[in-house]
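Given next are the chains, with one letter for each unit.
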Amino acid sequence: MAKFSFRGGVHPVYSKEITSTLAIVKMPLPQKVVVPMQQHIGAPCELLADVEKIEKGIEVKAGQKLGDNKGFVSAPVHAPISGTVVDIGPYNHPLGMKINAVTIESDGRDEWDENIKPAGSLEDLSADDIRKIVREAGIVGLGGATFPSHVKLSPPEDKPIDVVIINGAECEPYLTADHRVMLEKTEEIVFGLKAMMKALGASEGIIGIEDNKPDAHKQVESMVAEEENIRVCTLPTKYPQGAEKMLIYVTTGRVVPAGALPMEVGIVNHNVGTAAAITQAIREGKPLVERVLTVTGSGVAKPANVQARLGTLASEALDFCGGISESTLKVVVGGPMMGLAQPSADIPVIKGTSGILALTDEDVYLAESSPCIRCAKCVSVCPMNLMPTSIAQASEHGDYRRAEKLYALDCFECGCCSYICPSKIPLVQWIRIGKNEIMKRKNK
Ligand code: SF4
Ligand code: SF4
């Protein structure tokens, strides 16, 4: 049980009951996949040119590497299906821009690259072996952050890590993919955690699960009952419980300083899906080419937790779930708090796609914003102790220096302030604009 609680946060309507009891369903192989060269935080991949040239017309196998980047903070991308490369060029991306992508038309055979082989037993793998496997498999944070996992497994020598935390909070409303992964891939999560602990030389593993998932808690706890150095920590249900700094504080009492990474306090965090992906990479040699995501919202005819190949179009995933109703007001990738509304469902599922939501007026309340009434509710819910209203105003007036002085860069865009604001001011959107401007000026 958690001994600590973080400041602020909100209790939105969770709507998880729509899909939380639905077992993961494997989607049929898509006819076509679109694989963007950027599916992670860090340097975008470049198409392979040296060993094997990736170009229009060539045949590829599932699991074959398509793109990579020599930069340390990057992760390669692989072909999710076997087939023919039919296009290379900019394609719609869930981040709201066009990004270079490889389009593959399936040959229906799902043939895997012959180089894909199990890596051997965990006991025989060194820390460096594990890091290399994770990097080559293109594994990134599957909770949505998409930070390359091998980087988190490679802390500097002067930053020893003693605790690995596995994030099973899944605090975003509607999403239940992690919940199902905890129920259906429990052993893989624990194995992945052990691999990460070995890579980091960590002595303790913690799996944090919100108390609105008692079945997952029970199952994971029974799996680690015999493990001396792994424990399950029950977290009170509160958004954004799964945010890195909140999770670390609630499970260990350690405070990550502003602007610092968790490794400053001897901790590394990974999502449950990431742990399971690491297990697959070690045991089967398979790179990250598919993931579990929740397709839900009142606009979806048959909501589901699906396992889809990366590059499957969101429109295809929605069709698989019975299609969307005409009353759908918006399609969102990710959860309703931190996800991004999409102008079209013609976008691929990428490594960070935890959910696709089709929301109607049953799910969202659209209202015009009105002037700030100085209620300070946004201040009281901000888990980072910021003044959202002042930062948003500074950003709206183009006063980015003031926004920076108000610690705009500490905002991790949880959306609590916008959610609670009675005047419906798009605070987080203004803060995001301010952050982008501050970063642009810093990079100049
Ligand atoms: S200012 Fe940022 S961190 Fe604070 S509540 Fe708003 S979105 Fe969340
Ligand atoms: S919650 Fe909205 S109305 Fe209240 S102080 Fe913040 S910005 Fe103003």
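Residues numbered from 1 in each chain as written. Chains lettered and ligands numbered in written order. Predicted model: local features only at pLDDT ≥ 70, side-chain atom pairs only at ≥ 80, totals over all residues.

**Q** Lay out unusual backbone geometry in plain terms, naming residues and giving numbers.
**A** With an omega of 0 degrees, the peptide bond between Y239 and P240 qualifies as cis. A positive phi angle, near 55 degrees, is found at T146, a position not held by glycine. Positionally, T146 belongs in the loop between helix 1 (127-136) and helix 2 (149-152). Using a count of 19 C-beta atoms within 10 Å as the deciding quantity, one classes T146 as partly exposed. (Helix = DSSP H or I, 4+ residues; strand = E, 2+ residues; numbered from the N terminus. Buried ≥ 20, exposed ≤ 12 C-beta atoms within 10 Å, placed from the backbone.)

**Q** I'd like a description of the pairing of strand 13 (residues 290-296), backed by residues and values.
**A** Most of strand 13 sits inside the fold, with 7 of its 7 residues counted as buried. With 6 bridges connecting them, strand 13 and strand 14 (residues 304-309) associate as antiparallel partners. Bridging across to strand 14, E290 finds its partner in R309. Of the pairings in the sheet, the one linking strand 13 to strand 17 (residues 355-359) comprises 3 bridges and is parallel in character. Bridge pairing in strand 17 links T296 to L357. (Pairing = 2+ DSSP bridges.)

**Q** Explain the packing of helix 10 (residues 388-396) against helix 13 (residues 427-443) to me, and be specific about the residues and the numbers.
**A** When two helices pack together, their arrangement is given by the angle between the helix axes and the distance between those axes. Following both chains from N to C, one finds helix 10 and helix 13 inclined at 55 degrees, their axes separated by 8 Å at the closest point. With respect to helix 13, the element helix 10 is oriented oblique. Every pair of crossing elements has a handedness; the one defined by helix 10 and helix 13 is left-handed. Together, P388, T389, I391, A392, A394, S395 and E396 of helix 10 and L427, W430, I431, I433 and G434 of helix 13 make up the contact between the two elements. Partitioning the contact of helix 10 with helix 13 into residue classes produces 8 nonpolar, 3 polar and 1 charged. (Axes fitted to C-alpha atoms, helices over the stretch in contact; angles between N-to-C directions. Parallel < 35°, antiparallel > 145°, perpendicular 65-115°, else oblique. Left-handed = near helix turned anticlockwise from the far one by under 90°. Contact = placed C-beta atoms within 7 Å. Nonpolar A, V, L, I, M, F, W, Y, C, P; charged D, E, K, R; others polar.)

**Q** Quick one: what's the story with the site of ligand 2, residue by residue and with numbers?
**A** In the vicinity of ligand 2, 14 residues are found, and the nearest of them are C372, C375, C378, T389 and C421. For the shell around ligand 2, the per-class residue count stands at 10 nonpolar, 2 polar and 2 charged. (Near = placed C-beta within 6 Å.)

**Q** Go over the domain arrangement of the protein chain with me, naming the residues and quoting the values.
**A** According to the domain assignment, the protein chain contains domain 1 (120-284) and domain 2 (377-443). Between domain 1 and domain 2, the C-alpha centre-to-centre distance is 29 Å. Between domain 1 and domain 2, the residue contacts involve 5 residues of the former and 6 residues of the latter. Residues that form the side of domain 1 that touches domain 2 fall into these classes: 5 nonpolar, no polar and no charged. (Domains from an automatic or database assignment.)

**Q** Help me get a handle on the sheet that holds strand 15 (residues 330-333), residues and values and all.
**A** Across the sheet, which stays open at both edges, the 6 strands sit in the order 1-14-13-17-15-16 with mixed pairing between neighbours. Where the open sheet ends on each side, the last strands, each with one partner, are strand 1 (25-26) and strand 16 (340-342). Of the strands in this sheet, strand 13, strand 14 and strand 17 are in contact with helix 3 (residues 177-184), which crosses strand 13 at around 130 degrees.

**Q** Hey, could you go over the environment of K194 for me, with residue numbers and the actual values?
**A** Take K194: it is sitting in helix 4 (residues 186-200). C-alpha separation for the pair K194 and A137, spaced 57 residues apart in sequence, amounts to 18 Å.

**Q** I'd like a rundown of the packing of helix 3 against helix 5 (residues 214-223), residues and numbers included.
**A** The N-to-C vectors of helix 3 and helix 5 enclose an angle of 35 degrees; their axes lie 8 Å apart at closest approach. Crossing handedness for the pair helix 3 and helix 5: left-handed. Only D215, A216, Q219 and V220 of helix 5 make contact with helix 3, whose side of the interface consists of H179, M182 and L183. Looking at the contact of helix 3 with helix 5 residue by residue, the classes come out as 4 nonpolar, 2 polar and 1 charged.

**Q** I'd like to hear about the nonpolar core, residue by residue, with values.
**A** Nonpolar side chains tend toward joint burial in soluble globular proteins. Counting 124 residues, the largest nonpolar core has V35, V164 and M196 as its most contacted members. When residues in this core are grouped by element, the largest group, 9 residues, is from helix 4. Excluding residues within four positions of it along the chain, M196 makes contact with L153, V164, H270, A275 and I278. (Core = buried A, V, L, I, M, F, W, Y, C linked by C-beta atoms within 7 Å.)

**Q** A description of helix 4 should follow, citing residues and the corresponding values.
**A** With 15 residues, helix 4 extends 21 Å between its outermost C-alpha atoms, agreeing within 8% with the 21 Å of an ideal straight helix rising 1.5 Å per residue. Where burial is concerned, most of helix 4 is hidden: 12 out of the 15 residues are buried. Turning to helix 4, its buried residues are T186, E188, I189, V190, F191, G192, L193, A195, M196, M197, A199 and L200. Positive backbone phi, at 65 degrees, marks G201, one or two positions downstream of helix 4. (Expected span 1.5 Å × (residues − 1).)

**Q** Go over the site of ligand 1, please, and point to the residues and values.
**A** Near ligand 1 lie 15 residues; those nearest to it are C382, P388, C411, C414 and C417. Secondary structure elements with two or more residues in the shell around ligand 1: helix 12 (416-420) and helix 13. With 3 residues, helix 13 is the largest single contributor of residues to the shell around ligand 1.

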